[in-house]
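Understanding the architecture of this molecule
Listed below, chain by chain, are the residues.
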Amino acid sequence: MATATTNASLNDSAQQPYSALRIWARLMRYILRYRLWVLVAFAGIVGTNILAIAVPYILRDVVDIGLEAQDSGYMFNAGLLVVGLGVLRGATAFMGRYFGERLSHVVAYDIRNQIYDKVQRQSFSYHDSAQVGTIITRAISDVNEIQRYFAFGLMDGLNTSLLLIGVVTMMMLTSPPLALFALLPLLPLALYSRGFVLRVHPRWKKVMERMQSLSNHIQENALGAEVVRVFAREQYEIETFHDQNKKLYDEQLDFITQWINFLPASALLASMSTALVLLAGGILEAQGIGNITVGLIVTFNAYVLLLVQPLRFVGFIILLTTQAIASGERVFQVLDEEERIVNKPGAKAMQIQGHVRFEQVSARYDSSAGDVLRGINLEARPGELVAIIGLTGAGKTTIANLVPRFYDVSGGRVTIDGIDVREINLHSLRSQIGVVMQQSLLFSATIEENIAYGKADASQAQIIAAAKAADAHGFISEFPDGYQTVVGERGTTLSGGQKQRIAIARALLIDPKILILDDSTSSVDTQTEHKIQRALEAIMQGRTTFVIAQRMSSILNADQILVLRDGEIVQRGKHESLLAEGGLYAEIYRLQLQEQERVRREAIISGVIKVPLEYRRSTAKFRKLIDRLAGKYSP
Ligand SMILES: Nc1ncnc2c1ncn2[C@@H]1O[C@H](COP(=O)(O)OP(=O)(O)OP(=O)(O)O)[C@@H](O)[C@H]1O
Ligand SMILES: [Mg+2]
């Protein structure tokens with residue numbers, strides 16, 4: 001259950017030719033849809049910075065004019081002005097932060113919806129290889145990173161840049177020589193930051209990949225809890241998880257260390273700025289060079305202090321940007337994944353009659369070495385019952401999957417009423433085909449909602465009628481909550497047979513023209529199977545039905561039986577003629593179906609099913625068998 005399987009397109013992010021700049025630009029496109037908010041946030045940030053830069057400027061005159069002249073009125077007014085600017089700055093800061101946050105959340109909302117829609121539209125073949133944990137990590141954690149970037153990285157990045165530009169401009173305007181000294185230490189910071197990006201980016205990618213494989217692990221183990229218990233592998237699973245979790249922890253630490261190292265380095269450089277301003281300013285003022293006043297030095301110092309906080313932020317901003325680009329890449333991989341089964345332009349909706357033909361059909365899966373179906377020809381006329389039998393892995397389910405176009409053929413064509421299924425609108429096609437899959441999945445919702453899944457507007461009466469037809473009404477009514485009973489995740493609170501009957505009811509409710517039952521009675525007992533069988537016979541009327549069956553009774557009445565071996569139809573015909581013909585059919589009949597007949601007779605004997613008249617008039621030999629079994633099974 002370890003997460004060993006990988007999927008080339010989803011897991012190997014390194015292979016994708018995404019450049020950092022392109023990813024960033026593509027992320028930016030998301031906020032451009034909200035131009036007004038961007039504008040307000042931007043105005044807020046610009047305003048905040050102008051106001052911040054204004055204060056040191058006032059300070060200069062306070063020192064040089066107010067202090068020098070001992071003018072208390074001037075000082076008071078200057079104080080009022082500073083307070084006023086502070087209040088104004090609070091308002092602009094709020095504007096910037098509020099709309100910045102809002103933008104970030106609406107972007108996350110949009111991306112998450114996009115991912116969900118994309119995954120919904122993906123074909124079976126995508127889901128064959130994509131791991132659930134991978135999709136979840138990308139839709140949740142990666143999108144969170146992107147959101148954080150827009151809320152802090154982008155906004156604070158903008159803030160820092162504006163402040164830097166503003167402060168540098170003001171410094172240059174007031175005293176170029178002092179500005180040079182103050183800004184000198186920023187040069188190494190720029191170089192240092194570049195190195196930081198290069199170190200941090202790969203580490204962050206590793207962290208996210210580890211997170212993804214951990215979530216795959218948890219998800220697989222939650223789904224496969226029974227298997228783990230059956231084989232008593234808990235200890236092994238716990239150890240593997242701890243091992244992986246420890247690796248995540250180490251990688252996180254390694255990553256964080258890089259970032260923590262950056263902090264004191266940038267703080268040190270900032271304080272060097274202060275020292276240089278004081279030192280150079282003092283010397284220059286003493287020498288009377290360049291019109292340096294005490295007020296100017298105070299102002300410069302205030303400017304440097306203004307820069308310290310955002311400069312310390314540079315590391316954080318770089319970090320967020322790097323993370324967002326790594327996460328953006330992973331999200332875009334999901335969004336850019338090719339959709340295989342899509343509506344052709346001009347694909348039309350149509351009323352299906354149910355005439356299904358396979359013409360020289362071959363099929364293959366991505367991971368299969370060659371074709372798993374070859375040269376399949378079949379014709380099912382409206383209302384016919386076609387049974388497909390064959391040993392496991394012969395390709396029965398694959399044939400069934402081609403009719404609703406869960407996969408596309410690799411050769412030949414499948415037609416319905418003479419039209420290639422690839423030319424039919426997907427929604428129209430699938431909403432007229434009822435499928436009961438080999439492993440039916442139910443949602444964690446009420447039984448009623450599960451049955452009505454394909455037809456949300458179904459009436460109570462219709463739901464009950466479908467349940468009755470699938471012989472599910474009885475057991476549903478016995479639950480205290482009846483149709484309102486909530487079934488667990490994947491229907492876990494129901495037995496296999498109950499789940500299947502609900503799945504049958506669900507398929508019947510849409511009143512499909514074509515019905516596909518893939519081993520749909522395999523996990524019910526003989527008695528129930530009998531009941532479902534009788535119910536199905538009525539249901540099949542007027543529908544083209546494909547039955548993939550392991551059990552005899554389902555196929556005795558079939559209009560045609562197709563016998564599949566290794567992806568080819570080796571025999572076809574009706575029960576009697578096939579039995580007489582010998583070959584694989586007779587063999588399967590002997591091996592599996594006769595065995596089931598025996599079970600059925602046992603059931604008859606134990607009184608579960610009334611012995612039909614024709615059995616009672618049976619031969620002496622059969623009577624002897626009954627006697628023997630009766631002796632064996634009666635208490
Ligand atoms: N999603 C898939 N990806 C790759 N190969 C697959 C996939 N599904 C089936 N196969 C392969 O295709 C072949 C036919 O499988 P299929 O499921 O059609 O058999 P089946 O006759 O329905 O068997 P069973 O009676 O066990 O249900 C098998 O060799 C199987 O390994
Ligand atoms: Mg199958």
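In what follows, the structure referred to is the one given above.
Residues numbered from 1 in each chain as written. Chains lettered and ligands numbered in written order. Predicted model: local features only at pLDDT ≥ 70, side-chain atom pairs only at ≥ 80, totals over all residues. Heavy atoms only, no water.

What follows covers a nonpolar patch on the surface. A cluster of nonpolar side chains, Val132, Ile136 and Ile140, forms an exposed patch at the surface whose accessible area comes to about 240 Å². With respect to the element layout, Ile136 can be found in helix 6 (residues 132-174). (Patch = residues over 30% accessible without salt bridge, like charges linked within 9 Å, V, L, I, M, F, W, Y side chains within 5 Å. Areas by Shrake-Rupley, 256 points an atom, 1.4 Å probe, with all protein chains shown as cover. Salt bridge = Lys/Arg side-chain N within 4 Å of Asp/Glu carboxyl O. Helix = DSSP H or I, 4+ residues; strand = E, 2+ residues; numbered from the N terminus.)

Reading across from one edge, 2-1-4-5 is the order of the 4 strands in this open sheet, with antiparallel pairing throughout. Both edges of this open sheet fall to strand 2 (373-380) and strand 5 (419-420), since each of them pairs with a single strand only. One ladder, built from 5 bridges, connects strand 1 (residues 356-363) with strand 4 (residues 411-416); its direction is antiparallel. Among the inter-strand pairings, Val356 is bridged to a residue of strand 4, identified as Ile416. (Pairing = 2+ DSSP bridges.)

Before going further, it helps to spend a moment on the nonpolar core. Ile451, Ile476 and Ile561 are the most contacted members of the largest nonpolar core, which has 41 residues in total. Considering each element in turn, this core owes the most residues, 7 residues, to helix 17 (residues 496-509). Setting aside chain neighbours within four positions, we find Ile451 in contact with Ile463, Ala467, Ile476, Tyr483, Ile502, Ala505, Arg506 and Leu509. Within the second largest apolar cluster, 39 residues are counted, among which are Val167, Leu186, Leu214 and Phe300. (Core = buried A, V, L, I, M, F, W, Y, C linked by side-chain atoms within 4.5 Å. Buried < 20%, exposed > 50% of the residue type's maximum accessible area, 1.4 Å probe, protein only. Contact = heavy atoms within 4.5 Å.)

The environment of ligand 1 is made up of 15 residues, and the closest members are Thr392, Lys396, Thr397, Thr398 and Gln438. In this structure, an oxygen atom belonging to ligand 1 sits 2.4 Å away from a side-chain N or O atom of Thr392. Here ligand 1 loses 68% of its free accessible area of 630 Å² to cover by the protein chains. In terms of residue count, helix 12 (residues 396-402) provides more of the shell around ligand 1 than any other element does, 3 residues in total. Class assignment for the residues of the shell around ligand 1 results in 5 nonpolar, 8 polar and 2 charged. (Near = heavy atom within 4 Å. Polar contact = N/O pair within 3.5 Å; in protein donor to acceptor, adjacent residues only side chain to side chain. Nonpolar A, V, L, I, M, F, W, Y, C, P; charged D, E, K, R; others polar.)

At Arg405, a residue that is not glycine, the phi angle is positive and equals roughly 60°. The phi torsion at Asp417 lies on the positive side, around 50°, for a residue other than glycine. Here Asp417 lies in the loop between strand 4 and strand 5. We classify Asp417 as partly exposed; its relative accessible area is 24%.

Another aspect to go through is the environment of Val132. Counting through the fold element by element, Val132 comes out in helix 6. It is 6.6 Å that separates the C-alpha atoms of Val132 and Asn216, two residues lying 84 residues apart in sequence.

Further remarks concern the pattern of salt bridges. Evaluated as defined, the whole model comprises 26 salt bridges. We note a salt bridge from Asp471 to Arg501, for which the minimum N-O separation is 3.6 Å. Of the two residues, Asp471 sits in the loop between helix 15 (460-469) and helix 16 (473-478) while Arg501 sits in helix 17, which places them 30 residues apart along the sequence. In this structure, Asp471 and Arg501 share a single accessibility class: buried.

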